[in-house]
Every structure is written in C-alpha cells, then in structure tokens.
Amino acid sequence: MAPLRHKRLKQIVPLAFLPLIALLASCGSPRTTLNAKPIVQNKTPGKLLATEYPKIKLASAIGINWGNSPNLNLQGTKLITKFGATYVTGLVGAKSQLFVRTTPKSRWDNLGNLPGDVVQLDFPSSYDGFALTQVKGPGSVLDLYSTSDAGRSWRPVASASFAQVHFFNARDGIALFSSSSSNSNRAPSLSVYSTMDSGTTWNYASSLPLGSIGYLIPRYLSFSFGSPKTGYLAIGSAPGAGSQQKILFRTDNRGQTWREVSKSPNQYSSSALPMTGYLEQISFNSARTGYLVEARAPRGVLYYTSDGGANWSAMQILPASSSLSTSLAYFQSATPFGAVALTNIGSLWNRLRPGSPWVDLYPPYWAEKLSRYKGTLAAVSRGGRALQILGGSRYRIVATKTPISTLLDFQLFHGAKIAMSKGALWTQLGSQAWQRVPLPKGDQALFADFATRSAGIVAAIPNRNSILFTVDGGRSWEQVPVPFMPLSPDPLSTRDWWMIGSIVGPLVNNPYKKNVHVVTYYLYHTTNAGRSWTRYSSSLWSQNSPDGVKFLNSSVGYLWTSYQLFLTTDGGRNFVARSLPDWLNIPSGHGLAPGGNGKAWVADGSYPLLVTSNFGANFDVASSKS
C-alpha cells in the first residue's frame with residue numbers, strides 16, 4: 001500500500017529557502033507576438049497600519065462525500081485481474097473503500113467498504129474474489145473475506161496469521177501463514193496451507209525451506225501461478241536505500257513442495273533477481289514466462305523472465321521521459337482488452353495488442369492550480385498542461401495550448417486567457433496570437449494572480465521585499481515595496497489586495513544547519529494598492545505557514561495551511577477553522593477557487609477535484625466522465 005503523504009511542521013526554515021513553483025508543460029505551437037520591454041516604476045514603501053487578531057471558531061473537521069472515482073492520494077491495494085477488471089482500495093478511517101473499473105475504458109464504480117486496511121485482493125474468476133484485511137494494525141491476524149458478486153458484497157470467512165493467499169477457483173486455494181518468532185531479529189516461520197472449502201478451514205501442506213531464507217525477514221510477498229500446478233512465490237525483505245533482498249520460490253505440485261529459483265544479492269549471476277527496487281508484484285502467465293514489478297524501479301520498467309525465474313532482464317514498456325511518474329505498481333500482460341498497467345501514482349495504461357502503443361487512459365488530468373471565471377474552471381495540471389474544465393452535470397475538459405514550457409499560472413477572463421511563466425506574462429485575446437510581455441530584467445516570478453485581464457500582481461525573485469503590479473497587461477510595472485516577504489497574492493481589484501507574508505526573525509541555534517531563522521506568517525490586506533497594510537495574526541497560522549489565500553469578494557474568503565481550512569464571511573474579522581484530512585494538501589496560490597452560494601473547488605495535485613456547497617463544511621467529489 002502506498003504511504004500517505006505526511007504533513008510537515010514549518011516552524012523554522014533556512015533563510016535561503018525559497019519555495020520555487022515551476023510546472024513543466026507540454027509545448028504547443030500557437031502563434032506568438034513579442035511585446036517591447038516593460039517600463040518599471042518604483043513606488044513608495046507601504047506602511048503597516050495595525051495588527052488585528054481575528055476571532056477564530058474551531059468547527060468540526062471537513063467531511064468528504066465520496067463518489068465513484070477513487071482518490072489517488074488514498075490508493076492502497078491494487079489488482080488487475082486476468083479478466084481485465086482493475087480494483088483499487090483506499091483507507092479512510094477504519095474502513096477501506098473498494099473501487100472497480102470492469103474494463104480499461106469503462107468508468108469507476110464504488111463498491112462500498114471493507115473493514116480495516118485491505119492488504120491483498122485475489123479474484124480467481126470475474127465474480128468470485130477474496131480479500132485480506134487488517135483491522136488491528138501491524139502484527140495482528142488478518143481477516144479473510146469472500147465475494148461471489150464481483151465485490152459488491154462480502155462475507156467474513158476466517159481470521160488467522162495469513163500473509164498471502166492464492167485461489168485457483170471459488171473453493172480451492174493455498175495460503176502462506178506467518179508465525180512470528182519470540183526473537184524480533186529472527187525470521188518468522190513461513191508455512192503453506194491449503195483449503196477446499198473457500199477458506200473456511202485450512203490444512204497444512206508444507207513449509208518453505210528456511211535454510212534458503214536465512215536472516216531475511218519477509219515484508220513483501222507475492223504469489224503467482226502460471227499453470228494449475230506450477231506457481232511462484234516472491235519474498236522481499238524490509239527495504240532500505242533503494243535496495244531489497246529478494247527470494248523466488250517455485251512449486252510444481254500446487255504448493256506441496258517448494259524450491260528456491262533465484263535470490264538477490266547473487267554474486268554469481270548479474271541476471272538474477274535484481275537487488276535494486278522494492279518488490280510489488282510477481283506475475284507468471286506460463287510455467288516459464290513471468291514479470292516482476294518493483295517500486296523504485298526506473299520509470300516505465302518491469303523485469304521479464306523466460307526461463308522460470310532463473311534470469312531476469314529489464315523491459316521498458318511505458319515512456320521513461322513522461323513528466324509524470326510512470327513507475328509501475330501492477331501489471332497484467334494478458335486480458336481480453338490487451339495488456340494493462342497501473343503506475344505508482346494511479347495512472348491506468350492499456351496496450352491493445354503487442355506492438356501497438358501504450359495509451360494513458362486515466363486520470364484525465366492532475367489539477368494543481370485552479371481559478372474560476374463564471375462557469376468555467378481554469379486549471380494547471382501536473383506536467384504543465386493548461387485546461388479549461390467546463391461545469392454542468394459532468395465536467396467537460398478542454399485542453400488549451402500555450403507557448404509556455406514552464407507554466408506557473410493560467411486564468412480566464414471575458415474574451416481573454418492569461419498564462420504566466422517564470423519570466424513573462426502571456427495574453428491571448430479571443431483566437432488571436434499569444435502576446436508575450438517579459439517581466440523586468442532579472443526578475444523571475446514565484447507567485448502571480450490577476451484581478452482582471454490587465455491588472456495583476458507578481459511576487460518575484462531576487463527582490464523578496466516587493467511585488468510587481470500592473471494595470472495594463474504588463475506593458476508597465478510598478479515595483480511596490482512591502483513590509484514583509486510576499487508569498488501568495490490575491491488581488492480583488494486594482495486597489496484591494498490580500499496577501500500572505502512572512503517576517504524573518506532572529507537566528508536560531510541549530511547544530512545541523514547554519515543561517516536558520518524563525519519565520520512568522522501573517523495575512524495582510526490593503527485597500528489602497530499597497531500604500532498601507534493591515535495584518536491579521538493567529539497562532540493557528542503564524543508558525544504553520546499558510547499555503548494560500550483566496551477571496552471571492554470583500555467579505556467571503558478562504559485561507560489554508562497544511563492542516564486547516566479557514567473561512568471568513570466578514571472580511572477577516574472572524575474565521576471558522578476546520579481540520580483538513582491528512583491526505584489533502586491544497587497547493588499554494590490557486591489551490592482553491594471560490595464561487596457564489598457557498599461553493600468552492602479544491603485541487604491538490606491529484607484526482608479528482610473536490611467541490612463544496614456549504615463553505616467548506618463538506619466536500620463532494622466533482623463529477624467527471626472518468
């Protein structure tokens with residue numbers, strides 16, 4: 001199961017650290033026009049008028065109403081069956097949600113929940129399946145569940161020290177049982193049991209040759225049978241530093257006896273099981289032909305054997321140059337729909353027949369930044385694509401070509417599109433050519449936001465104590481000094497601006513790093529284009545760096561950290577704070593797009609989008625065609 005992304009406490013940071021935001025984009029070839037160099041005008045430094053301490057009410061944590069699409073941040077156990085169905089699970093609280101995609105090109109279907117954390121799925125037929133779940137945490141017994149309707153309903157079967165199961169049909173199967181040693185440094189005993197009554201009772205069949213295992217403590221396991229009698233069991237130790245000890249066993253009598261085939265490290269063979277990477281899956285489609293999928297392997301690579309696992313060679317199947325990770329998590333070489341692969345970030349790929357190209361089917365995008373104009377969302381997708389997401393009963397996606405190789409921001413306005421790169425502002429009016437206006441010489445944008453197609457703010461380096469402001473689409477810029485380090489600008493108009501800013505404090509005695517300072521964060525507001533500022537202070541965001549701020553109007557606005565979402569409906573005098581799920585990380589700047597009537601959309605660099613209709617108390621999964 002992929003680990004959840006952990007929140008990071010940002011109390012002290014090196015002064016030299018600057019959070020550069022740069023997204024790679026696939027370049028289109030639209031027409032472009034280069035404008036003259038901009039005029040830069042320096043303004044008088046702004047003054048701090050007052051510090052306000054808003055009242056903050058702590059409300060219940062944000063609720064998520066799950067739809068039919070799995071959240072890719074929560075992906076746990078994965079399975080691609082030989083019948084072409086793809087199953088994924090996601091742990092939410094004390095239950096695992098189960099989703100299925102019956103064919104590579106169909107839609108996801110939410111099958112409901114299973115208790116605990118699902119650690120393995122196994123479907124010997126398109127309807128009959130089994131699941132191992134862990135309810136009480138690591139080291140506890142596992143619960144075996146079975147289904148006869150393709151996962152729509154489950155019944156408990158048995159609880160035991162299961163480590164892995166494999167079923168040949170709805171009744172007959174084998175399982176690897178693990179018995180822990182009283183000495184935590186010794187390998188546990190591994191025994192194979194068989195069942196003929198769908199897992200209700202198990203009978204001892206054999207033990208793995210412990211002499212072969214030696215000091216290896218199994219942490220990763222994978223069964224695969226390429227024929228009714230010939231099967232393989234791969235065991236991987238606890239991984240470390242990108243490498244892992246592995247052993248491959250083979251049986252030719254349905255698990256009654258086992259022999260070692262290959263292991264790593266192997267000083268006598270360079271083509272034995274690879275030491276690098278972490279075991280994810282072993283898959284044999286005959287007695288001799290099989291595949292090994294590894295985490296931390298090179299992008300798009302799996303390992304192939306044609307001699308029953310004695311020798312392995314790397315095989316590149318997905319593109320290695322993709323801007324998104326193509327490291328594999330699960331692979332099925334033969335289904336009625338061709339070969340199917342899942343990557344470690346949840347992308348689903350399909351190849352119809354040998355020799356044909358692999359096609360990335362899901363998800364349709366990975367939104368990292370959002371803005372909204374009327375009924376359309378403008379999104380920057382991971383990998384740098386600019387997208388227009390049109391609302392309705394289902395969201396329709398329109399890709400937009402920009403001439404930018406490093407897309408920082410993308411916004412829509414009436415009859416115009418604006419795109420920001422690190423060094424220039426680009427504007428397209430209607431279907432005309434994109435117009436490029438460079439930033440002042442030497443400046444590189446970190447954050448940008450526009451109130452209209454002409455008026456906007458850029459926070460840039462190297463000058464981190466001022467912002468750039470334009471009212472004419474970048475033909476001229478005002479350099480506005482500010483009494484803080486600007487991080488996330490949010491202009492409502494040419495004069496009314498909200499902004500996150502930081503104040504760098506004294507040096508901290510740190511034995512590991514030099515030049516470490518305490519940094520305090522505030523929310524700032526100006527109504528006179530930066531001549532004076534009011535700052536808003538709270539212990540809930542002063543040390544936990546706010547990631548972004550976004551106001552709908554002079555009253556309604558959102559502020560968010562890694563841990564909480566704050567809502568104000570009175571222009572910052574009062575806030576309601578709600579805890580975010582630990583897997584939800586809203587990016588800085590344009591991670592949230594507010595709308596009217598309590599609506600707001602959230603992107604977190606994954607899929608799908610989330611939408612609220614009650615000012616963030618609950619979020620629904622935004623409908624999509626995938």
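Fair warning: this is a prediction, and the values are worked out from it, not measured in the lab.

1. Focus: the overall build of the protein chain
Counting its secondary structure elements, the protein chain contains two helices and 56 strands. When contacts within the protein chain are restricted to residue pairs at least 6 apart in sequence, those whose partners lie at least 24 apart make up 49%. Accessible surface computed for the protein chain: about 26800 Å², of which carbon and sulfur atoms make up 51%.

2. What to know about the environment of Arg382
Mapped onto the elements of the fold, Arg382 is located in the loop between β33 (376-381) and β34 (386-390). C-alpha of Arg382 to C-alpha of Trp366: the two residues are 16 residues apart in sequence and 5.2 Å apart in space. Apart from residues lying up to four places away in sequence, Arg382 is in contact with Leu324, Ile345, Trp366, Glu368, Gly605 and Ser606. Separated by 2.7 Å, the side chain of Arg382 and the backbone oxygen of Gly605 make a polar contact.

3. Considerations on the environment of Ala460
With respect to the element layout, Ala460 can be found in strand β42 (residues 456-461). The class of Ala460 is buried, set by a relative accessible area of 5%. Each C-alpha atom of the pair Ala460 and Gly423 lies 9.3 Å from the other, and the pair is 37 residues apart in sequence. Ignoring sequence-local partners within four residues, the contact set of Ala460 consists of Asp443, Gln444, Ala445, Leu446 and Leu468.

4. Focus: the side chain of Ser96
Here Ser96 is to be found in strand β10 (residues 95-101). A distance of 2.7 Å separates a polar side-chain atom of Ser96 from the backbone oxygen of Gly116. A distance of 3.2 Å separates the side chain of Ser96 from the backbone nitrogen of Val118, its partner in a polar contact. Those residues in contact with Ser96, other than ones at most four positions away along the chain, are Gly90, Leu91, Gly112, Asn113, Leu114, Gly116, Asp117 and Val118.

5. Regarding the sheet that holds strand β56 (residues 618-621)
With mixed pairing, five strands are arranged side by side in an open sheet as β7-β56-β55-β54-β53. The open sheet has two free edges, formed respectively by β7 (63-65) and β53 (592-594), since each of these has just one partner strand. Each strand axis lies, on average, 25° off the axis of its neighbour in the sheet, ignoring direction. One ladder, built from two bridges, connects strand β55 (residues 610-612) with β56; its direction is antiparallel. Within β56, the position partnered with Val611 by the bridge is Asp620.

6. What about the sheet that holds strand β19 (residues 203-207)?
The antiparallel open sheet is built from four strands, whose spatial order is β16-β17-β18-β19. A strand with exactly one partner marks an edge of an open sheet, and here the two such strands are β16 (162-167) and β19. When strand polarity is set aside, the average angle formed by the axes of neighbouring strands in this sheet is 25°. Of the strand pairs in this sheet, strand β18 (residues 189-195) and β19 are connected by four bridges, and their pairing is antiparallel. Paired with Ser191 across the strands is Ser207, a residue of β19.

7. Some details on the packing of aromatic side chains
Counted according to the given criterion, the structure contains 29 aromatic pairs. Ring geometry for Tyr87 against Phe123: centres 4.3 Å apart, planes inclined by 15°, an arrangement best described as stacked. Of this pair, Tyr87 sits in strand β9 (residues 86-92) while Phe123 is found in the loop between β12 (117-122) and β13 (129-134), placing the two residues 36 residues apart along the sequence. When its relative accessible area of 2% is taken as the criterion, Tyr87 is described as buried.

8. Quick word on the nonpolar core
Ranked by size, the top nonpolar core spans 42 residues in total, and within it Tyr87, Leu121, Trp154, Leu370, Leu377 and Leu609 carry the most contacts. When residues in this core are grouped by element, the largest group, three residues, is from β10. If near-sequence neighbours (up to four positions away) are discounted, Trp154 is found in contact with Leu98, Leu114, Leu121, Phe123, Gly129, Phe130, Ala131, Tyr145, Ser146 and Thr147. With 19 residues, the next largest nonpolar core counts Trp66, Trp560, Leu584 and Val621 among its residues.

9. Details of the pairing of strand β43 (residues 466-470)
Within β43, five of the five residues are buried, which leaves it mostly tucked inside the rest of the structure. Examined bridge by bridge, β42 and β43 share three bridges and lie antiparallel to one another. Bridge pairing in β43 links Ile457 to Phe469. Following β42, the chain reverses through four residues before pairing antiparallel with β43. Here four bridges tie β43 to strand β44 (residues 476-481), and the two strands are oriented antiparallel to one another.

Here is what the cut-offs are and how they apply
Residues numbered from 1 in each chain as written. Predicted model: local features only at pLDDT ≥ 70, side-chain atom pairs only at ≥ 80, totals over all residues. Heavy atoms only, no water. Helix = DSSP H or I, 4+ residues; strand = E, 2+ residues; numbered from the N terminus. Contact = heavy atoms within 4.5 Å. Areas by Shrake-Rupley, 256 points an atom, 1.4 Å probe, with all protein chains shown as cover. Polar contact = N/O pair within 3.5 Å; in protein donor to acceptor, adjacent residues only side chain to side chain. Buried < 20%, exposed > 50% of the residue type's maximum accessible area, 1.4 Å probe, protein only. Pairing = 2+ DSSP bridges. Axes fitted to C-alpha atoms, helices over the stretch in contact; angles between N-to-C directions. Phe/Tyr/Trp six-rings, centres within 6.5 Å; stacked < 30°, edge-to-face > 60°. Core = buried A, V, L, I, M, F, W, Y, C linked by side-chain atoms within 4.5 Å.

Keep in mind these values describe shape, not function.
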